[in-house]
Amino acid sequence: MTATGTPPSEAAGRTPLLAVHEAAGAQLIDFAGWAMPVRYGSDLAEHQAVRERAGLFDLSHMAEIRVRGAEAAAFLDHALAGRLSAIELWQAKYSLLLAEQGGIVDDVIVYRTAGTGTGASEFLVVANASNRTAVLDALAARVAGFDATIADETDDTALVAVQGPAAAAIVGAIGLESEPIEQLRYYRSLPAVFEGEDVLLARTGYTGEDGFELYIAAHAAEDLWRALVLAGEAHGLALCGLAARDTLRLEAGMPLYGHELSLDTLPAQVGLGRVVALKTKGDFVGRSAVEAGPAADAPVLVGLTAEGRRAPRAGYPVLDGDRVVGTVTSGALSPTLGHPIAMALVEPGSATSDSLSVDVRGTRLPAAATDLPFYTREARS
């Protein structure tokens, strides 16, 4: 995504919180076919609020797909690259939906909401908004022969996220009926109730900070949002748009579909080989291609850092000496670190080169290859 974008059309999808965003003065853009807030005021202020206090995001454009049945776990083991049958009740797992050729159809988060092991189970698969149809079509094609059902619950579900050091204090103050959230571990979830409405409360996020994502029925979204805003007043909570979300995830080295991930990239090229369960489960879609691996000259993902204030942007060429060796996939002037950062796909031989630069509108910007992520909250503390 970008920090600009075009205004939403009349045909753009509307989240249940659109009226709230308009009342708050948000700048709306068309993102993946949805009218979404890109910012409420200052990108920098929203970014800093998440790093220092807390930020509130509407993520209701994300796709929620329910998978149920006696063979739901076995089906997801076949359909996805991870071993989903191994996750515990209320555990979350990051996984990949691969094409037969090994490219990435989408990256997803899967929550187990009922059952254990390989028996009758229920899962919630959360996909990117831009890939809703592609994921649904792929799952529908792969479920044949399994005793499992797939239901698209996107339009009936709202998703909001509270991210930042004060997230637990804010979520803990809205009157949720649940087990103590302080005991909830990272990438775990629990069932909760808010004003009579069921909530899936997950300790997950896409910012590099501690935080929570709350799934609730669409008709209850505004009440939940207002409760979080009220609880957040004492903690400096900021309403945050997609621009801040993008710079936050970039600092945390988190890939974005359509930038770092695509049908043209295999998991190993972008540092996600560990997500693929080659050793712990049998056949799955894309296994043969993953085992064969990418071509020897296939580009690999690297982090880049630079000096000054000019930021590399997606699409800018990366050079090794005088030769173009790759392309920036995401880049920004890091609000937290104060210097330019980027992720790029480059030729394997240039991944550790000390003579890299980025062509920033005709000017060579020297860049150093660096490990991802650029920022961790552990390093900050």
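All residue numbers refer to positions counted from 1 along the written sequence of the respective chain. The predicted nature of this model means local features are confined to residues of pLDDT at least 70 and side-chain atom pairs, given and counted, to a pLDDT of 80 or more, with totals for whole chains, interfaces and linings taken over all residues. To obtain the side-chain values, all non-hydrogen atoms of the structure were included, while hydrogens and water were left out.

### Overview of unusual backbone geometry
Part 1 of the argument: With an omega of 0°, the peptide bond between L372 and P373 qualifies as cis.
Part 2 of the argument: Its place among the elements puts P373 in the loop between β21 (368-370) and α9 (377-380).
Part 3 of the argument: One non-glycine residue, A32, adopts positive backbone phi at about 55°.
Part 4 of the argument: A helix here means a DSSP run of H or I that spans at least four residues, while a strand means a run of E at least two residues long, and both kinds are numbered starting from the N terminus. Positionally, A32 belongs in the loop between β2 (27-31) and β3 (34-39).
Part 5 of the argument: A residue is classified by how much of its surface remains accessible, and A32, at 34% relative accessible area, is partly exposed.
Part 6 of the argument: Phi angles above zero are rare outside glycine, and E195 is one such case at about 45°.
Part 7 of the argument: Its location among the elements puts E195 in the loop between β11 (189-194) and β12 (197-202).
Part 8 of the argument: Relative accessibility decides the category of a residue: with a 1.4 Å probe and only protein chains considered, values under 20% of the type maximum give buried, values over 50% give exposed, and everything between is partly exposed. The exposed category is assigned to E195, whose relative accessible area is 60%.

### Focus on the sheet that holds β11
Part 1 of the argument: Ordered by their spatial adjacency, six strands build an open sheet running β11-β12-β13-β10-β4-β14, and the pairing between neighbours is mixed. Unpaired on one side and paired on the other, β11 and β14 (238-239) mark the two borders of the sheet.
Part 2 of the argument: We call two strands paired when DSSP finds no fewer than two bridges between them. Two elements, strand β10 (residues 157-163) and strand β13 (residues 211-217), share seven bridges in a ladder whose sense is antiparallel. Of the residues in β13, the one forming a bridge with V162 is F212.

### Some details on the environment of K281
Part 1 of the argument: Mapped onto the elements of the fold, K281 is located in the loop between α7 (242-251) and α8 (287-292).
Part 2 of the argument: A relative accessible area of 12% means that K281 is categorised as buried.
Part 3 of the argument: Spatially, the C-alpha atom of K281 lies 9.4 Å from that of A81, the residues being 200 residues apart in sequence.
Part 4 of the argument: Any pair of nitrogen or oxygen atoms within 3.5 Å is treated as a polar contact; in protein, a donor-acceptor pairing is required on top of that, and neighbouring residues in sequence qualify only through side-chain atoms on both sides. A polar side-chain atom of K281 sits 2.6 Å from the main-chain carbonyl oxygen of G82.

### With respect to the pairing of β2
Part 1 of the argument: Where β2 lies against β3, five bridges are found, and the strand directions are antiparallel. Pairing of L28 across the sheet is with P37, part of β3.
Part 2 of the argument: Where β2 hands over to β3, the hairpin turn is made up of two residues, of which A32 adopts a positive phi near 55°.

### Re the packing of aromatic side chains
Part 1 of the argument: Pairing of aromatic rings covers Phe, Tyr and the six-membered ring of Trp, with a centre-to-centre limit of 6.5 Å; geometry is then stacked below 30 degrees between planes, edge-to-face above 60, and tilted otherwise. Counting across every chain of the model gives three aromatic pairs.
Part 2 of the argument: For the ring pair F75 and F146, a centre distance of 5.8 Å and an interplane angle of 55° mean the geometry is tilted. Here F75, found in helix α3 (residues 72-79), pairs with F146, found in the loop between α4 (132-142) and β9 (149-152); they are 71 residues apart in sequence, far enough to count as distant.
Part 3 of the argument: Relative accessible area serves as the criterion here: at 0%, F75 is assigned to the buried category.

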